[in-house]
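Descriptive analysis of the structure
One letter stands for each residue in the lines below.
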Amino acid sequence: MIPTCSRNPIIKLSSAIAFLFILLSLPSIAQLKTGEGKRKINGTNLFLTVRGKGEPLLVIHGGPGLNHRYFIPHLAGLEKNFTLIYYDQRACGLSDIPSTDSISIKFLADDIDFIRKELKIEKLNILAHSWGAVLAAHYSLQYPGHVKRLILSNPSPFSREYDEQSAALIKQRTTQQDSTERATIIGKGSLDIGDYERLFNLSFRQSAFRPSNMALLKLALPARFPEASNALFTALSNDKLFSLNLYDEVKAFRFPVLIIHGKSDVLPMAAVDRLKKEIVQAEVVIFERSGHFLFVEETALFEDVVSRFLRK
């Protein structure tokens, strides 16, 4: 039996070594440099923006075909306590447009893991919006060991079975003025980037608690948006994973999941209920005065709900 007096130095030394190991593991979080620019990721150049301070949070934009700019400045509150990693998916925003044989769900999911490795993060906190939630689900299924927490904000349905319900809600909420404005824009024939942005904002009005709030949403579409969208949809329309029913698959999630839904969204509540049923450990929060872009319409509440979840 070892006397107590001889054990204490060993215990203290072991504790010191353990503490040193913890300290050495922190720089990958604490030393993320803020800034923006292109990085060579998974064989293409992706545009990344890193803002804020604290624990990293990867932000995945929707679309397919939009870019991360529509989150800014609405997530600025989160940047006070978390390092937000925004990026434009391949063939989106300011990222490069690769050949169509390099655009697929697998490439898009692999890009996320390449970003994780590039920034030296062992496990990701992920905030995914709209269609980005579908991409985040694919990533989480391929790389479950690298997901720490997953936040799905107004997730697009994980199958096509809710399309008719969404279409009915859109038709019900589309005003005559919306239809007239849309017809006028399309009637021009050759559309510029401003026309595309106006068409998007018109469609988003039906998914808002207060349609006028959509004036606060800045899409910042790049000049090559038509070219990029054509490449993206040409490739994804031939990808079987693009329309895969994921509801059975996500039952495998074993990490904390938060689902946030704006009550005025045209994405039906039934799809959220189905997701909660399949991800039994998921927490669901409904925003009463928001639609699809709840971080625009209820910014402070969004910041509070997301922050609380990430700090659990």
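Use the structure listed above.
Here's what I pulled together on the structure shown here.

Scoring rules and cut-offs
All chains use their own residue numbering, which begins from 1 and follows the written sequence. Two thresholds apply to this predicted model, a pLDDT of at least 70 for residue-level local features and 80 or more for giving and counting side-chain atom pairs, whereas whole-chain, interface and lining totals are computed over all residues. Excluding hydrogens and water, the side-chain values take into account all heavy atoms of the structure. A simple rule labels every residue: compare its accessible area, found with a 1.4 Å probe on the protein chains alone, to the largest value its type can have, and call it buried under 20%, exposed over 50%, or partly exposed in between. In this description a helix means any DSSP run of H or I spanning at least four residues, a strand means any run of E spanning at least two, and both kinds are numbered starting from the N terminus. When DSSP locates at least two bridges between a pair of strands, those strands are taken to pair. Take the buried Ala, Val, Leu, Ile, Met, Phe, Trp, Tyr and Cys residues and link them wherever side-chain atoms come within 4.5 Å; each set so joined is a nonpolar core. Contacts were defined at the residue level, with two residues in contact if any of their heavy atoms lie within 4.5 Å.

**What about the pairing of strand 5 (residues 124-129)?**
Most of strand 5 sits inside the fold, with 6 of its 6 residues counted as buried. Of the two faces of strand 5, both are covered, the one formed by Leu124, Ile126 and Ala128 as well as the one formed by Asn125, Leu127 and His129. Pairing of strand 3 (residues 55-60) with strand 5, which is carried by 3 bridges, proceeds in the parallel orientation. In the sheet register, Ile60 faces strand 5, and the bridge partner there is Ala128. Alignment of strand 5 against strand 6 (residues 147-153), held across 6 bridges, turns out to be parallel.

**A few points about the nonpolar core**
By size, the foremost hydrophobic cluster in this structure holds 50 residues, and its most contacted members are Ile60, Tyr87, Ile115, Leu150, Leu152, Phe158 and Val257. Considering each element in turn, this core owes the most residues, 7 residues, to helix 4 (residues 131-142). Residues Tyr86, Phe204, Ala208 and Val296 belong to the second largest nonpolar core, which totals 33 residues.

**Some points on the environment of Val134**
Within the element layout of this structure, Val134 appears in helix 4. What makes Val134 buried here is its relative accessible area of 7%. Considered as a pair, Val134 and Ser156 are 22 residues apart in the sequence and their alpha carbons are 6.7 Å apart. Non-local contacts of Val134, meaning those with residues more than four positions away in its chain, are made with Ser156, Pro157, Phe158 and Leu246.

Shape is all these values report; function is a separate question.
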